[in-house]
Amino acid sequence: MSSRASTVLLVVCLLSASSPFAAVVIAQTEPQAPPDDGGACGGPAVEGKCHSVANALRLKLIAIASILLASVIGVCLPLFSRSVPALRPGGNAFVVVKAFASGVILGTGYVHVLPDSFNDLSSPCLPRRPWAEFPFTGFVAMLAALVTLMVDSIMLSFHSRGKGKGRAAVARHGHDSCPPQVHCHGHGHLEMSEARPEAADKAEEDVETGKVQLRRNRVIAQVLEMGIVVHSVVIGLGMGASQNVCTIRPLVAALCFHQLFEGMGLGGCILQAEYGARMKSGLVFFFATTTPFGIALGLALTKVYSDTSPTALIVVGLLNAASAGLLHYMALVDLLGADFMGPKLQSSVRLQMVSFLAVLLGAGGMSVMAMWA
């Protein structure tokens, strides 16, 4: 009996020791059942007191009007800051406000857009291969940041190359005409003729530097607008297609603040780009109307659009990832990096500290809003 008992004990020990590996093998060999999410992948109707088509429609109409108004106010505030001497471009107050708005854009990319993309592309409603086997969100965000860098660099290099050829032609023309002046004039005139071209070259250099900076500001404004527009349409589409009153109600207030502060950042970039009235109006119009347009589009597609369908999850997730990469690059490189490494902030440690605090407030405020939107 003792040998039989020891044999049974040995078998039990072996089975208990190998049970984790057996469980893994069984899990890998048996077909996996779809996740028990209550049919959420099919986009079911919301049950209970939160489901009300009439109340949801009323909230969506309120959202369209309020978000439109908040967007217009936010993006237009910097454009009218020239009438306030303290807020004119180049002043300390303008630098601090721009730093706050840049922090808002940075927080939008990291806390709002990027997590949404991770959630969409890691949803259990998507097939495990390839979406669970490769980090598509980080990959697409990285590619978007690199493409933004490439566009920024190529546009500036083409502009600088054309201006460089013009300066070289002017320099050759001046060099060819110099010897006759040396032979015809005395020593005193030679010094004056040499001093004048140096002063002219310095003035021309300053003009060219200003033109290059203006060109860069215009590229920043256009690319930043593109990233914000993509994100705004996606947010509006999700709200417009939803019938969940409990989700829409806090989202309206959060999106109003979101568009207000994000518009301030974009408006500061548009102001520094020094566009004409027509171009400014176009940029303001597209920013202010994209989120309301997304809500209206989602409202029209309520019967056919489901934000949990695989197609919607993939498209929205990839768009959010690209928008996040673009916003990260623009906020860190073109906005914060350019300002903090520029001569104005480098000449004042106190202004650097105040601007850094403003960045933290902007990014922190957007992080707090992530609890509702």
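If you're wondering where the values come from, they're calculated on a predicted model, not measured in any experiment. (Residues numbered from 1 in each chain as written. Predicted model: local features only at pLDDT ≥ 70, side-chain atom pairs only at ≥ 80, totals over all residues. Heavy atoms only, no water.)

Visitor: So what's going on with the overall build of the protein chain? Which residues, and what values?
Guide: When its secondary structure is counted, the protein chain shows twelve helices and zero strands. Reading the protein chain from its N terminus to its C terminus gives the helix and strand order α-α-α-α-α-α-α-α-α-α-α-α. Looking at the 373 residues of the protein chain, the share that counts as buried comes to 35%. Long-range pairs, those at least 24 residues apart, make up 86% of the contacts in the protein chain with a sequence separation of at least 6. Total accessible area on the protein chain is roughly 21,000 Å²; 69% of this is exposed by carbon and sulfur atoms. (Helix = DSSP H or I, 4+ residues; strand = E, 2+ residues; numbered from the N terminus. Buried < 20%, exposed > 50% of the residue type's maximum accessible area, 1.4 Å probe, protein only. Contact = heavy atoms within 4.5 Å. Areas by Shrake-Rupley, 256 points an atom, 1.4 Å probe, with all protein chains shown as cover.)

Visitor: Give me the lowdown on unusual backbone geometry, citing residues and values where you can.
Guide: Trans is the common state for peptide bonds, and a negative phi is the common state for residues other than glycine. In this structure, the amide linkage connecting R129 to the following residue, P130, adopts the cis form with an omega of 5°. Relative to the assigned elements, P130 resides in helix α4 (residues 128-131). We note that E274 has phi near 55°; this positive angle belongs to a residue other than glycine. Summarising the element assignment, E274 is placed in the loop between α8 (245-273) and α9 (277-300). Residue classification places E274 among the partly exposed positions, given a relative accessible area of 48%.

Visitor: A description of the packing of helix α2 (residues 53-76) against α9 should follow, citing residues and the corresponding values.
Guide: Between α2 and α9, whose axes approach to 8 Å, the crossing angle comes to 170°. Here α9 runs roughly antiparallel to α2, going by the angle between their axes. Between α2, through L57, K60, A63, I64, I67, L68, S71, V72, V75 and C76, and α9, the contact on the second element is made entirely by V284, F287, A288, T289, T291, P292, I295, A296 and L299. Its residues placed into classes, the contact of α2 with α9 shows 15 nonpolar, three polar and one charged. (Axes fitted to C-alpha atoms, helices over the stretch in contact; angles between N-to-C directions. Parallel < 35°, antiparallel > 145°, perpendicular 65-115°, else oblique. Nonpolar A, V, L, I, M, F, W, Y, C, P; charged D, E, K, R; others polar.)

Visitor: Would you mind going over α9 in detail, with residue names and values included?
Guide: Helix length check: α9, at 24 residues, gives a terminal C-alpha distance of 33 Å against a target of 34 Å (1.5 Å per residue), a fit within 8%. Approximately 40° is the largest bend angle found in α9, and it occurs at T290, with the proline P292 only one to four residues beyond. (Expected span 1.5 Å × (residues − 1). Bend = angle between axes of the 7 residues up to and from the residue.)

Visitor: Could you give an account of a nonpolar patch on the surface, naming the residues involved and the relevant values?
Guide: Taken together, the side chains of F134, F139, M142, L143, L146 and L149 define a hydrophobic patch exposed on the protein surface, amounting to about 520 Å² of accessible area. Residue placement: L149 occurs in helix α5 (residues 136-176). Note on L149: relative accessible area 39%, which makes it partly exposed. (Patch = residues over 30% accessible without salt bridge, like charges linked within 9 Å, V, L, I, M, F, W, Y side chains within 5 Å. Salt bridge = Lys/Arg side-chain N within 4 Å of Asp/Glu carboxyl O.)

Visitor: So what's going on with the nonpolar core? Which residues, and what values?
Guide: The tendency in soluble globular proteins is for nonpolar side chains to be buried as a group. Judged by nonpolar contacts, the single largest core of 40 residues is most densely connected at V75, L224, L266, I270 and M330. A total of nine residues in this core trace back to one element, the largest contributor, which is helix α10 (residues 310-340). M330 has contacts with T148, I220, V223, L224 and L335, leaving out every residue within four places of it along the chain. Ranked by size, the runner-up nonpolar core spans 13 residues in total, among them I67, A70, I248 and V252. (Core = buried A, V, L, I, M, F, W, Y, C linked by side-chain atoms within 4.5 Å.)

Visitor: Talk me through the pattern of salt bridges; I want residue IDs and the actual numbers.
Guide: Scanning all chains against the criterion turns up three salt bridges. We note a salt bridge from E133 to R129, for which the minimum N-O separation is 3.4 Å. The shortest N-O distance in the salt bridge between R216 and D334 comes to 2.6 Å. Placement of R216 in helix α7 (residues 187-241) and of D334 in helix α10 is noted, with a sequence separation of 118 residues between them.

Visitor: Any details on the packing of aromatic side chains? Residues and values, ideally.
Guide: Aromatic ring pairs are reported here in terms of the distance separating the ring centres and the angle at which the planes meet. Counting across every chain of the model gives six aromatic pairs. With centroids separated by 5.0 Å and ring planes inclined at 70°, the aromatic side chains of F134 and F136 adopt a geometry described as edge-to-face. Where F285 meets F286, the ring centres are 5.7 Å apart and the plane angle is 75°; that geometry is what we call edge-to-face. Three or more aromatic residues joined by ring pairs form one cluster here, namely W131, F134, F136 and F139. (Phe/Tyr/Trp six-rings, centres within 6.5 Å; stacked < 30°, edge-to-face > 60°.)

Visitor: Please provide a residue-by-residue account of α10, values included.
Guide: Count 3.6 residues to each turn of an α-helix, and residues three or four apart come out pointing the same way. A rise of 1.5 Å per residue sets the reference length of α10, with its 31 residues, at 45 Å; its end C-alpha atoms lie 43 Å apart and thus fit the reference within 8%. Along its length, α10 shows its largest kink, about 30°, at M330.

Visitor: Got a sec to walk through the side chain of E225? Specific residues and values, please.
Guide: With respect to the secondary-structure elements, E225 resides in helix α7. If we ignore the near neighbours within four places in the chain, the residues touching E225 are L266, I270, L283, F286 and F287.

Visitor: Quick rundown of the confidence of the model for the protein chain? Include the residues and the values.
Guide: Per-residue confidence for the protein chain averages 78 on the pLDDT scale, and 74% of its residues sit at or above 70. This stretch, residues 1-39, has a pLDDT under 50; its non-local contacts, to residues over four places away or in other chains, come to four contacts. Throughout residues 177-184 the model reports pLDDT below 50, and contacts reaching past four residues in sequence, or to other chains, amount to two contacts. (pLDDT = per-residue confidence, 0-100.)

Visitor: Which residues make up the environment of V354, and what are the values?
Guide: Checked against the element boundaries, V354 lands in helix α12 (residues 349-369). Spatially, the C-alpha atoms of V354 and V95 are 9.7 Å apart, while their sequence positions differ by 259 residues.

Visitor: Any chance you could break down the side chain of N320 for me, citing the residues and the numbers?
Guide: Structurally, N320 can be placed in helix α10. Here N320 falls in the buried class, since its relative accessible area comes to 3%. Excluding residues that lie within four positions of it along the chain, N320 makes contacts with V113, D116, S117, D120, H231 and V234.

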